[in-house]
Amino acid sequence: MKAKWDALSAHHQAVKDRHILDLFNDAGRAQAFTAQADGMRLDWSKTNIDATGRRLLVDLAEAAGVADKRRAMFTGEKINDTEGRAVLHTALRNLDSTVIVDGKNVIPGIVETLERMEAFARDVREGRFTGQGGRITDVVNIGIGGSDLGPAMATLALAPFHDGPRCHYVSNVDGAHIADTLKGLNPETTLVIVASKTFTTIETMTNAETARAWMAGKVANPAAQFAAVSTAADKTAAFGIDPSRVFGFEDWVGGRYSMWGPIGLALMLAVGPEDFRAFLAGGRAMDDHFQTAPFDANLPVLLALVGVWHNQICGHATRAVLPYDQRLSRLPAYLQQLEMESNGKRVAMDGADLPTHSGPVVWGEPGTNGQHAFYQLIHQGTRVVPCEFLVARRGHEADLAHQHVLLVSNCLAQSEALLRGRSLDEARAIMAKKGLAGAELERQARHRVFPGNRPSVTLAYDRLTPFTLGQIIALYEHRVFVEGVILGINSYDQWGVELGKELALALQPVLEGRQGTEGKDGSTAALAAWFRG
């Protein structure tokens, strides 16, 4: 592997001063560096990867064993070896397959749970399951991390398909979050979903207790309007939730990969079982493409290789995700967890220190808002920020098609501006037309120079539908997997989350005045004393 990395680094050194725009002297550049799958188009031609770089990157993926690891994941081998678990979120959407874990085909259990979810969703949506004051009008999903970010993002993304109860999401243990959410709702017509696999997550259970107390002020039996996504049947029973409203999933589904199953219950309630199945079908279509397309035409592999080129080879430490789709406004936050919790590691699978940086800092906001905020840094700042644009060919609002044209124009213009830039001579000409001359012309012109030569990729699709959203999420999941395999890390554990949890539990009695600050550093001890008053 070292030889492969060295070859890529040497190639980068040879081409790093080249302008990306020069690559378009080849009339076939855009076509050669575009890949498609089921109506989705990935254009990665606006990067400094040429045919040699592509070959070297594909060689790296092959040498890393991506194909073998891919097969191992889909067939249920325990590739999460620090926890001894399979990684089978893909099985939640591959419902006609056979996947054996510990000698048992897990698909029948997945299908049974999905059908139970669908039956419950239909009962709620059609008014057979009601609150103690009438038909369910609102659903509050209480979770955190993967139990919140995924379904919250997807529910917003699929707003045009909502024909069920209104869905709200609470995650933060800050009381403001649940207070602001509940204050406009009617306890008699609200269903609360508590999403916690172990039913012990402190933020989630604290919010669940608050929601139950809120409901108890108005209804006789609050637990009758609760459902749970959990495997802890004893704890959900103790909470008072009927087993028919408890939906579990196995330990081979990680939280940030879990909205394909019971964690997606609130989404199913919003859009209905049929559209939820379409969402699963989109994920399945991307799974099939990922497993069958050659690496040089494989969307998840190519997206991963672009990421490796920019981060590990070029040294660009961040990646901006820029959806020109308002309903994907929570996608950057979702991808922050997906990528940074998965690949934010410092040791390889064997426990040795990584010889290179791991995952990048992922961030972003929807366009066009970002253009009037942080795009200034992207265009003229001293650091290069690779950008990923997402945009639909068509919107859902036929009567506002002219606004969608303006939206797409802005998206394409931004990637073109990042590529082309504006030279000093061009800036001087602009200032001369404004009547400036001499030193003032020169000074003003320099402020209007755009270096350009800044890389981006564009992911385009026809329209944001449940199927398309499934494709997008599965695409990014597999991208994370490929990057993790190439880096030699385990993308499916998250030990970095644990230490803060442990210390928070230890600090709670200190803040409550039941314990002293012995053993704490000076800063933490002083802050705790200040908060105690």
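Model, not experiment: these values are computed from the prediction. (Residues numbered from 1 in each chain as written. Predicted model: local features only at pLDDT ≥ 70, side-chain atom pairs only at ≥ 80, totals over all residues. Heavy atoms only, no water.)

**Q** Explain the side chain of threonine 90 residue by residue, including any values.
**A** Tracing the backbone through its elements, the reader meets threonine 90 in the loop between α4 (66-74) and β3 (100-101). In this structure, threonine 90 is in contact with Met73, Phe74, Asp287 and His478, ignoring residues within four places of it in sequence. (Helix = DSSP H or I, 4+ residues; strand = E, 2+ residues; numbered from the N terminus. Contact = heavy atoms within 4.5 Å.)

**Q** Lay out helix α8 (residues 202-216) in plain terms, naming residues and giving numbers.
**A** Every α-helix carries 3.6 residues per turn, so stepping three or four residues along brings you back to the same face. Taking 1.5 Å as the rise per residue, α8 with 15 residues should run 21 Å; its terminal C-alpha atoms sit 21 Å apart, in good agreement. The inward-facing, buried residues of α8 contact β7 (138-142), β8 (166-170), α7 (175-182), β9 (190-195), β10 (226-229) and α9 (233-239). (Expected span 1.5 Å × (residues − 1).)

**Q** Provide a residue-level description of the sheet that holds strand β13 (residues 361-363), including the pertinent values.
**A** Neighbouring strands of a sheet are bound in pairs by backbone hydrogen bonds; such pairs are parallel or else antiparallel. The strand order across the open sheet formed by six strands is β1-β2-β15-β14-β12-β13, and the pairing between neighbours is mixed. Strands with a single pairing partner mark the edges of an open sheet, and in this sheet they are β1 (34-37) and β13. Each neighbouring strand pair of the sheet contributes to a mean axis angle of 15 degrees, computed without reference to strand direction. When strand β12 (residues 318-324) meets β13, the two strands line up parallel, connected through three bridges. Bridge assignment links alanine 320 to a residue of β13, and that residue is tryptophan 363. With respect to the sheet, helix α13 (residues 331-343) is in contact with β12, β13 and β14 (387-392), its orientation differing from that of β13 by roughly 165 degrees. Running at roughly 145 degrees to strand β15 (residues 456-461), helix α18 (residues 466-487) makes contact with β1, β2 (40-43), β12, β14 and β15 of the sheet. (Pairing = 2+ DSSP bridges. Axes fitted to C-alpha atoms, helices over the stretch in contact; angles between N-to-C directions.)

**Q** Break down the sheet that holds β10 for me, with residues and values.
**A** With respect to topology, five strands assemble into an open sheet ordered β8-β7-β9-β10-β11, the strand pairing being parallel. Only two strands of the sheet have a single partner each, and these edge strands are β8 and β11 (246-247). The pairing of β7 with β9 spans five bridges and is parallel. Bridged to valine 139 within β9 is leucine 191.

**Q** Describe the layout of surface pockets, with residues and values.
**A** Roughly 1100 Å³ of internal volume is contained in the largest pocket. Taken together, 42 residues line the largest pocket, and the ones lying closest to its centre are Thr201, Gln494, Val497, Glu498 and Lys501. Secondary structure elements with two or more residues in the lining of the largest pocket: α8, α13 and α19 (498-511). No other element matches α19, which puts six residues into the lining of the largest pocket. Its residues assigned to classes, the lining of the largest pocket comprises 16 nonpolar, 16 polar and ten charged. (1 Å grid on protein atoms, 1.4 Å probe; cavity = no way out; pocket = protein on both sides within 12 Å on 5 of 7 lines; lining within 4 Å. Points joined across faces, edges and corners; volume = space filled by probe spheres on them. Nonpolar A, V, L, I, M, F, W, Y, C, P; charged D, E, K, R; others polar.)

**Q** Report on the packing of aromatic side chains, specifying residues and quantitative values.
**A** According to the stated counting rule, one finds 14 aromatic pairs in the structure shown. For the ring pair tyrosine 257 and tyrosine 492, a centre distance of 5.3 Å and an interplane angle of 50 degrees mean the geometry is tilted. Of the two residues, tyrosine 257 sits in the loop between β11 and α10 (265-271) while tyrosine 492 sits in the loop between α18 and α19, which places them 235 residues apart along the sequence. On the accessibility criterion, tyrosine 492 (10% relative accessible area) is buried. Relative to phenylalanine 389, the ring of tyrosine 324 has its centre 6.0 Å away and its plane inclined at 50 degrees; by these criteria the two rings are tilted. With a gap of 65 residues between them, tyrosine 324 in strand β12 and phenylalanine 389 in strand β14 connect regions that are remote in the sequence. (Phe/Tyr/Trp six-rings, centres within 6.5 Å; stacked < 30°, edge-to-face > 60°. Buried < 20%, exposed > 50% of the residue type's maximum accessible area, 1.4 Å probe, protein only.)

**Q** How would you sum up the environment of arginine 327? Please name residues and give values.
**A** Locating arginine 327 in the fold gives a position in the loop between β12 and α13. Distance in space between the C-alpha atoms of arginine 327 and arginine 70 is 31 Å, their sequence separation being 257 residues.

**Q** Tell me about empty space enclosed by the protein, residues and numbers included.
**A** Taken as a whole, this structure holds three cavities of 30 Å³ or more when the rule is applied. When its volume is computed, the largest cavity comes out at roughly 90 Å³. What lines the largest cavity is a set of 14 residues, among which Gly307, His310, Arg319, Pro386 and Glu388 lie closest to the centre. Secondary-structure elements contributing two or more residues to the lining of the largest cavity are α12 (299-313), β12, β14 and β15. Sort the elements by how many residues they give to the lining of the largest cavity and α12 lands first, with four residues. The residue inventory of the lining of the largest cavity, partitioned by class, reads five nonpolar, six polar and three charged.

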